[in-house]
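Here are the chains, one letter per residue:
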Amino acid sequence: MSAAETVMQRCDVLGACTEEPSSITRPFASDAMRSAHVYVSEWMRAAGMTVARDNIGNLRARYDGTGETTLLLGSHLDSVRDAGRYDGPLGVMVAIAAVQRLHDEGKRLGFGIEVLAFADEEGLRFGTTYLGSRAFAGRLDPNDLERADSTGVSMAEAIRAFGGDPARIGQDRRPAENLLGYVEVHIEQGPVLEAQGLPVGIVSAIAGQARIEIVFAGEAGHAGTVPMDRRRDALTAASEVVLAAEAAATTEEALVATVGKLEVEPGVANVIPGRVTFTIDVRHGDDAIRSRVSEALLSRARDIARRRKLAIEVRPISENAAVRCAPRLIGLLTQAVRDCGQRPLQLTCGAGHDAVVMSSMTDVGMLFIRCKGGVSHNPAESVTTQDVSTAIDVLGRFLELLPTK
Ligand SMILES: [Zn+2]
């Protein structure tokens, strides 16, 4: 069996590690994750690595090199509900395959390689994100340990039941000294590579993201008796903002703006909407551009409220800065893609990844693999063995090109 066929088969095996028999649902610190760990540790050891599990539940495998420095490779093993097979696990499997190749050839590089299989990136069980990489980077908020899952089990209890000690998570922080960087292989989760006819792509930046909530308060009234010129309809105002967000996104390349949540009150067919609460999510690889567009949208919303005589309330929900991938790693990945006979293409990534957290401790780089229709977080996630084979070759070539310091 080829390395890529092995990776595909392993993703199938992990797909069977699930809480729900008919679909893939593999939350943090679950029995499904426990069985995934049995397989993944075995594959890591077979590739010549020593394997340890830290207190949050990350698997950390090491393949020693001849020098002092270490390159980190990895992705996450947890999933969303009713997930596909590849978001997360594929990156871990490709990393193991690259190390397996070195091991089979009896090769040691000038640097060690650590393959990280993160415990939780999606946050399905506790509504958090990046638990695994945050613990690794020493950035876990201790208050998170008090969070409860839907059955009332706290994160601390879940960690204990999984065999970890929540009190010792702080000691698991990986020192940032002598790291060459963190490289993550992941499915694209978008349609660009497919449209360009390319098996892999190099991420230039992970988009920054701002999410705000806006409340328009007007006046509810009878849909039959209040004349149109007397209305203070909160929904017609919100509709203008929804369309303004869409229009704003067309003014900047690669900017995306989404109104994904909109609540109408009282929400009755014969009552003029008195109050509307909605969110706007704006993302771009350049924080300055994102801020400018967000500000413009907000001032537009204020103008609309003024003109329609509505009260407006603006609540910032979250803001994450964009993460630039390291030019040095982008350059080496570009060379590796070229050396494997493919056209290198850089793209911005709109979704969050463990690399966001890892950028707090070291340089990060990401390699995307084409996925069918750009579909992810869905059982229909699909990649080809051929593309996986290319990704393994590119990662292998990247390891050969990476300087030891
Ligand atoms: Zn992922």
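Definitions and cut-offs
- Residues numbered from 1 in each chain as written.
- Predicted model: local features only at pLDDT ≥ 70, side-chain atom pairs only at ≥ 80, totals over all residues.
- Helix = DSSP H or I, 4+ residues; strand = E, 2+ residues; numbered from the N terminus.
- Expected span 1.5 Å × (residues − 1).
- Buried ≥ 20, exposed ≤ 12 C-beta atoms within 10 Å, placed from the backbone.
- Arc of directions from axis to C-beta.
- Contact = placed C-beta atoms within 7 Å.
- Axes fitted to C-alpha atoms, helices over the stretch in contact; angles between N-to-C directions.
- Parallel < 35°, antiparallel > 145°, perpendicular 65-115°, else oblique.
- Left-handed = near helix turned anticlockwise from the far one by under 90°.
- Domains from an automatic or database assignment.
- Nonpolar A, V, L, I, M, F, W, Y, C, P; charged D, E, K, R; others polar.
- Pairing = 2+ DSSP bridges.

Peer 1: Can you help me understand helix α1 (residues 3-15) in this one?
Peer 2: A turn of α-helix holds 3.6 residues, and therefore any two residues three or four places apart point the same way. When the terminal C-alpha atoms of α1 are compared, their 18 Å separation across 13 residues agrees well with the 18 Å that a helix rising 1.5 Å per residue should span. The set of residues buried in α1 consists of A3, A4, V7, M8, R10, C11, L14 and G15. All buried residues of α1 lie within an arc of 160° about the axis, which places them on one face of the element. Away from the buried face of α1 by more than 90 degrees, exposed residues E5 and D12 are located. Where the residues of α1 are buried, they touch α2 (31-46), α3 (89-104) and α11 (385-401).

Peer 1: How should I be thinking about the packing of helix α7 (residues 234-249) against helix α8 (residues 287-307) in this particular structure?
Peer 2: Helix-helix packing is described using two parameters, namely the angle between the two axes and the distance between the axes. At their nearest, the axes of α7 and α8 sit 10 Å apart, and the two run at 155° to each other. One way to sum up the angle between α7 and α8 is to call them roughly antiparallel. α7 and α8 meet at a crossing whose hand is right-handed. Facing α7, whose interface residues are A237, E240, V241, A244, A245 and A248, α8 presents V293, A296, L297, R300, A301, I304 and A305.

Peer 1: It is not clear to me how the environment of V293 should be interpreted in this structure. Could you clarify?
Peer 2: Examined against the element boundaries, V293 turns out to sit in helix α8. In this structure, V293 is in contact with A248, E252, L255 and V282, ignoring residues within four places of it in sequence.

Peer 1: Can you help me understand unusual backbone geometry in this one?
Peer 2: Peptide bonds are, in most cases, trans, and in most cases residues other than glycine have a negative phi. Residue P266 is reached from E265 by a cis peptide bond, and omega for that bond is 0°. Mapped onto the elements of the fold, P266 is located in the loop between β10 (262-265) and β11 (271-272). At Y130, a residue that is not glycine, the phi angle is positive and equals roughly 60°. On the secondary structure map, Y130 appears in the loop between β4 (112-118) and α4 (131-136). For A254, which is not glycine, the phi torsion reads 65° and is therefore positive. Mapped onto the fold, A254 is located in the loop between α7 and β9 (256-258). A254 gets classed as partly exposed once you count the C-beta atoms within 10 Å, which come to 16.

Peer 1: Just to check I follow, could you spell out the domain arrangement of the chain for this structure?
Peer 2: Interface size is commonly expressed as the accessible area that is lost once the parts come together. Considered domain by domain, the chain is made up of domain 1 (3-206 + 324-401) and domain 2 (213-320). Here the C-alpha centroids of domain 1 and domain 2 sit 37 Å apart. Counting from both sides, the interface comprises four residues of domain 1 and, opposite them, four residues of domain 2. Residue composition of the side of domain 1 that touches domain 2, by class: one nonpolar, three polar and no charged.

Peer 1: Explain the packing of α3 against α11 to me, please; I cannot follow it from the model alone.
Peer 2: Running from N to C, α3 and α11 point in directions that differ by 55°, and their axes come no closer than 9 Å. In terms of orientation, α3 lies oblique with respect to α11. In this structure, the crossing between α3 and α11 has a hand that is right-handed. Between α3, through V94, A97, A98 and R101, and α11, the contact on the second element is made entirely by V388, A391, I392, L395, G396 and L399.

Peer 1: What should I look at first to understand the pairing of strand β12 (residues 275-284) in this one?
Peer 2: Walk down a regular strand and you will see the side chains alternate between the two sheet faces. Across the ten residues that make up β12, a large majority, seven, are buried. Relative to β12, strand β7 (residues 208-217) runs antiparallel, the two sharing ten bridges. Each residue of the ladder has a partner; that of R211, found in β12, is D281. For β9 and β12, the ladder comprises three bridges, and the chain directions are antiparallel.

Peer 1: Quick question: what am I supposed to make of the environment of A83 here?
Peer 2: By secondary structure assignment, the location of A83 is in the loop between β3 (70-76) and α3. Looking at A83, the number of C-beta atoms within 10 Å reads 24, which means it is buried. On a C-alpha basis, the gap between A83 and A351 in space is 16 Å, while along the polypeptide they are 268 residues apart.

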